[in-house]
Amino acid sequence: MLWLETACHQIYEVAKREKCWNTTKLHHKVYKPVREATGLKANHVCQAIRRVIGNATSVKQVHKFRPTSINLDVRTFQYIEDLQTVGITLMCGRVKFKLSIGNYQLALLKGQAPTAATLNKTKRGDYYINVCVKWPTNPTGQRLKVVGVDLGRRDIATTSTGKSWSGKQIQSIRDRYRFVRANVQSKRTRSSRRLLRRLSGREQRFQKWLNHNISKQLVQEAKQIGADLAFEDLTNIRESLNKKPRSKTERRRTNNWAFYQLRLFVGYKANIAGVKVVFVPAAYTSQTCSRCGHIHPVKGKSYRNGKVFKCGHCGFEHDADINAANNIAALGKSVSLPESPGMSCQLEGQLSLFPMIQI
Ligand SMILES: [Zn+2]
């Protein structure tokens, strides 16, 4: 992998010097010298070129290529189901590795002939392989219900059907790790550095496990009651909201990779289950009354007070997160079923909902 890193740097330097960001053109320029300099196999050089172009076009400034992974394709990778091995072309030629995987992965790979994989090396020096599998998705069809999902205010997720997943557990684990980290960080010894690495890995694994769980349950519920899932669209919120002052909580929510991961998991699980996922504009979902569509008329004030939402217009009182999830569901319905009566409209720059959802 070290040679691959050298190759990536060499290719990147040429691309920068010649201002050439086209895969085929760059290939003609670098293929021969890179093969001669590194001794890499032909397919590995091709992969390296694709990676350099891919990285350079997705980020403005490439800092460093690290020797941590190789992309493999049908020419450099093969899965042999009977033997539970993978054949990988490395510098020294074709090498077979025995897989050590669980029943879940076995079931996913059953009868598959995967054509793409990534070989990863962890910081500790272990090797992992990520194998891409094709999986049939179910058609989503037309559904009449929408479950709204509100992410990360008090709880990790709250649905318009009244379910919620508490963020307490993950928060307490975070706090504990933060405490240990603060203690260890002051020491700066080799063993303390090792401990820090382990901590961050464990925290991430726990969050991932939790996200797998929550996303699975969300998709299952939507499938059971025959509904679509609606989320707030937070992809562009960063730019648009940065112009306005934002609360600390909002900043945390929009920049949090954990919510991004949760939505990613929901996306692919929903695809497999045949559940449609829609995204709705995120503005005012927590301030709007989900019964009468009212927003507090005074700027900067809200009917929401901590856990409770109490509408000053119609008197509706409800759990604030469920109220927000209801609004998301209503907006989701207008996205996924445009002919339904509950359309959203823009009023003096504020998003308002016509009354349509009931508790
Ligand atoms: Zn109201």
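All values reported here derive from a predicted model rather than from experimental measurement.

Participant: Honestly, the overall build of the chain in this entry has me stumped. Any pointers?
Facilitator: Counting its secondary structure elements, the chain contains 10 helices and 16 strands. Out of the 359 residues belonging to the chain, those deemed buried represent 26%. Long-range pairs, those at least 24 residues apart, make up 63% of the contacts in the chain with a sequence separation of at least 6.

Participant: Quick question: what am I supposed to make of the sheet that holds strand S3 (residues 85-90) here?
Facilitator: The pairing of strands in a sheet comes from backbone hydrogen bonds and takes either a parallel or an antiparallel form. Ordered in space as S2-S3-S4, the 3 strands form an open sheet in which the pairing is antiparallel. The open sheet has two free edges, formed respectively by strand S2 (77-80) and strand S4 (93-98), since each of these has just one partner strand. Adjacent strand axes in the sheet meet at a mean angle of 20° when their direction is disregarded. Relative to S3, S2 runs antiparallel, the two being bridged by 4 bridges. Note on S3: the bridge partner recorded for Gln78 is Gly87.

Participant: Mind showing me how you'd approach the sheet that holds strand S14 (residues 317-319) here?
Facilitator: The 3 strands lie next to each other as S12-S13-S14, forming an open sheet whose pairing is antiparallel. Edge positions in the sheet fall to strand S12 (304-305) and S14, since each has one partner strand and no second. Summarising the sheet, S12 and strand S13 (residues 308-310) pair through 2 bridges and their orientation is antiparallel. In the strand pairing of S13, Asn305 is matched with Val308. Against the sheet, helix H10 (residues 320-336) engages S12, S13 and S14, with an angle of about 95° to S14.

Participant: Help me out: how do you make sense of the packing of helix H2 (residues 23-38) against helix H3 (residues 42-58) in this one?
Facilitator: For any two helices packed against each other, one specifies the inter-axial angle together with the distance between the axes. The interhelical angle for the contact between H2 and H3, taken along N-to-C directions, is 130°, at an axis separation of 10 Å. Classified by the angle their axes make, H2 and H3 are oblique. Here H2 runs over H3; the crossing is right-handed. Packed against H2, whose contacting residues are Thr23, Leu26, His27, Val30, Tyr31, Val34 and Arg35, the element H3 presents Val45, Ile49, Arg50 and Ile53 at the interface. A per-class count over the contact of H2 with H3 returns 7 nonpolar, 2 polar and 2 charged.

Participant: So what exactly am I meant to see when it comes to the packing of helix H1 (residues 2-18) against H3 here?
Facilitator: The N-to-C vectors of H1 and H3 enclose an angle of 55°; their axes lie 9 Å apart at closest approach. Taken together, the axis directions place H1 and H3 in an arrangement best described as oblique. Crossing of H1 over H3 shows right-handed handedness. Residues Leu4, Ala7, Cys8, Ile11, Tyr12 and Ala15 of H1 lie in contact with H3, whose contacting residues are His44, Val45, Ala48, Ile49, Arg51, Val52 and Ala56.

Participant: Got a minute to help me understand H10 in this structure?
Facilitator: Residue pairs three or four apart in sequence face the same way in an α-helix, which turns once every 3.6 residues. The end-to-end C-alpha distance of H10, which contains 17 residues, comes to 24 Å, matching closely the 24 Å that a straight helix rising 1.5 Å per residue would cover. Counting buried positions over the 17 residues of H10 gives 16, a clear majority of the element.

Participant: Help me understand the confidence of the model for the chain, please; the structure alone is not making it clear to me.
Facilitator: Should pLDDT be low for a region, the predicted coordinates there are not to be read in detail. Residue-level pLDDT values for the chain average 79, and 80% of them are 70 or greater. Across residues 237-243, confidence stays below pLDDT 50; counting only partners more than four residues off in sequence or on other chains, it has 6 contacts. Counting interchain partners and residues more than four positions distant, the pLDDT-below-50 stretch residues 343-359 has 36 contacts.

Participant: What's the story with the nonpolar core in this structure? I'm lost.
Facilitator: For soluble globular proteins, the rule of thumb is that nonpolar side chains tend to be buried together. One finds Val147, Val149, Leu229, Ala230 and Ile328 to be the most contacted residues of the largest nonpolar core, which totals 33 residues. Broken down by secondary-structure element, the contributors of at least two residues to this core are strand S7 (145-151), helix H6 (190-224), strand S10 (227-233), helix H9 (257-273), strand S11 (277-281) and H10. A total of 8 residues in this core trace back to one element, the largest contributor, which is H10. In this structure, Leu229 is in contact with Val147, Val149, Leu218, Ala222, Val266, Ala270, Val275 and Val277, ignoring residues within four places of it in sequence. Core analysis: the next-biggest nonpolar cluster, separate from the first, contains 20 residues, Leu4, Val52, Ile70 and Leu72 among them.

Participant: What is the right way to read H2 from this model?
Facilitator: Over its 16 residues, H2 runs only 19 Å from end to end, short of the ideal 22 Å by more than 12%, given 1.5 Å per residue. Buried residues of H2: Leu26, Val30, Val34 and Thr38, and no others. Here the buried face of H2 lies against H1 and H3.

Here is what the cut-offs are and how they apply
- Residues numbered from 1 in each chain as written.
- Predicted model: local features only at pLDDT ≥ 70, side-chain atom pairs only at ≥ 80, totals over all residues.
- Helix = DSSP H or I, 4+ residues; strand = E, 2+ residues; numbered from the N terminus.
- Buried ≥ 20, exposed ≤ 12 C-beta atoms within 10 Å, placed from the backbone.
- Contact = placed C-beta atoms within 7 Å.
- Pairing = 2+ DSSP bridges.
- Axes fitted to C-alpha atoms, helices over the stretch in contact; angles between N-to-C directions.
- Parallel < 35°, antiparallel > 145°, perpendicular 65-115°, else oblique.
- Left-handed = near helix turned anticlockwise from the far one by under 90°.
- Nonpolar A, V, L, I, M, F, W, Y, C, P; charged D, E, K, R; others polar.
- Expected span 1.5 Å × (residues − 1).
- pLDDT = per-residue confidence, 0-100.
- Core = buried A, V, L, I, M, F, W, Y, C linked by C-beta atoms within 7 Å.

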